[in-house]
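What the coordinates show
Here is what each chain is made of, one letter per residue.
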Amino acid sequence: MNRRILIVDDDREIAELIDIYLRNEGYVTELAHDGQQALDVFERQPADLVVLDIMMPHIDGLEVCRRLRREASIPILMLSAKAEDMDKILGLMTGADDYMVKPFNPLELVARVKSLLRRSFQYSAAGPVEKEEAGIVRLGPLRIDKATHSVHVDGRALHLTSTEFGILHLLASSPGRVFSAEDIFQQVWKEKYFESNNTVMVHISKLRDKLEQETGDKLIVTVWGVGYKIEG
């Protein structure tokens, strides 16, 4: 199955460049050049992944990301001309799974897209046998099903992004064990970790808030100077 990717950027040259590279990899692509158009396109034909610029007319990328997150858990790769850490944190806190700064290497963007799609769909593509073998992780009120990529809290579905699910499954599979930010990044993102990378911190914060809102408890504990864990 060819994955569908929505490319959103008001700079038509950049959008078309991304389009060429992704189509060469066999993806089905659709382009939008402002926030409202992106939302209209997605409503008409949902995508498996969105490449989303921040600075756009009508509705900016951050607001588009917020609105998409209300109805979909698909991976979002955010693009921005702003390289400051706070801009990156804001993008990730809004709901993006990854963030790239312009100008970027198109080959790196393709690699990021592949990584995001792999993390997002590696579980849902599992057949009945794999699902049975994978089993279910239960932790307090949480029921985490790796095969269906779903989480329930006392029977209620918990809406998580693929990245948040990956972090939760990792921590919950080894309750009490402390995972460093480097451990989490390498196991969930499958990429080399850089010391200044605060991506894990941002996603942990979002995940912790969602869990606390549903359960009333701070399930994810920060062990200062070491990492993060979930108590068994």
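Refer to the structure presented above.
Let me begin by describing the structure that accompanies this report. (Residues numbered from 1 in each chain as written. Predicted model: local features only at pLDDT ≥ 70, side-chain atom pairs only at ≥ 80, totals over all residues. Heavy atoms only, no water.)

**Description of the sheet that holds strand E5 (residues 98–101)**
Reading across the sheet, the five strands line up as E2-E1-E3-E4-E5 and stay open at both edges, with parallel pairing between neighbours. Looking at the sheet topology across the chains shown, the edges are occupied by strand E2 (28–32) and E5. Within the sheet, the average angular offset between the axes of one strand and its neighbour, ignoring direction, is 20°. The pairing of strand E1 (residues 4–8) with strand E3 (residues 49–53) spans four bridges and is parallel. (Pairing = 2+ DSSP bridges. Helix = DSSP H or I, 4+ residues; strand = E, 2+ residues; numbered from the N terminus. Axes fitted to C-alpha atoms, helices over the stretch in contact; angles between N-to-C directions.)

**A word on the environment of Glu43**
Among the secondary structure elements, Glu43 is positioned in helix H2 (residues 35–44). On the accessibility criterion, Glu43 (64% relative accessible area) is exposed. Linking Glu43 and Asp183, residues 140 residues apart in sequence, is a C-alpha distance of 37 Å. (Buried < 20%, exposed > 50% of the residue type's maximum accessible area, 1.4 Å probe, protein only.)

**Overview of the packing of H2 against helix H3 (residues 61–71)**
Between H2 and H3, the least distance of the axes is 10 Å, while the angle of their chain directions is 20°. Between H2 and H3, the angle is such that the two are roughly parallel. Once H2 is placed against H3, the crossing between them reads as right-handed. Across from Gly35, Gln36, Leu39 and Phe42 in H2, the residues of H3 making contact are Val64, Arg67, Leu68 and Glu71. (Parallel < 35°, antiparallel > 145°, perpendicular 65-115°, else oblique. Left-handed = near helix turned anticlockwise from the far one by under 90°. Contact = heavy atoms within 4.5 Å.)

**Some details on the nonpolar core**
Judged by nonpolar contacts, the single largest core of 28 residues is most densely connected at Leu168 and Ile184. Mapped onto this core, the elements with two or more residues apiece are strand E6 (136–139), strand E7 (142–145), strand E8 (150–153), helix H7 (162–173), helix H8 (181–189), helix H9 (199–215) and strand E11 (227–230). Counting residues per element, this core draws most heavily on H7, at six residues. Leaving out residues up to four positions away in the same chain, Ile184 has contacts with Ile167, Leu170, Leu171, Phe179, Trp189, Val200, Ile204 and Tyr228. Judged by nonpolar contacts, the second largest core, of 26 residues, contains Val41, Leu62, Leu68 and Ile74. (Core = buried A, V, L, I, M, F, W, Y, C linked by side-chain atoms within 4.5 Å.)

**Quick word on H7**
What sets the pattern is the α-helix's 3.6 residues per turn: residues three or four places apart point alike. Compared with an ideal rise of 1.5 Å per residue, which puts twelve residues at 16 Å, H7 spans 16 Å between its outermost C-alpha atoms and is within 8% of the ideal. Of all twelve residues that make up H7, eleven are buried, and the element is covered over most of its length. Where H7 is concerned, the buried positions are Ser162, Thr163, Glu164, Phe165, Gly166, Ile167, Leu168, His169, Leu170, Leu171 and Ala172. (Expected span 1.5 Å × (residues − 1).)

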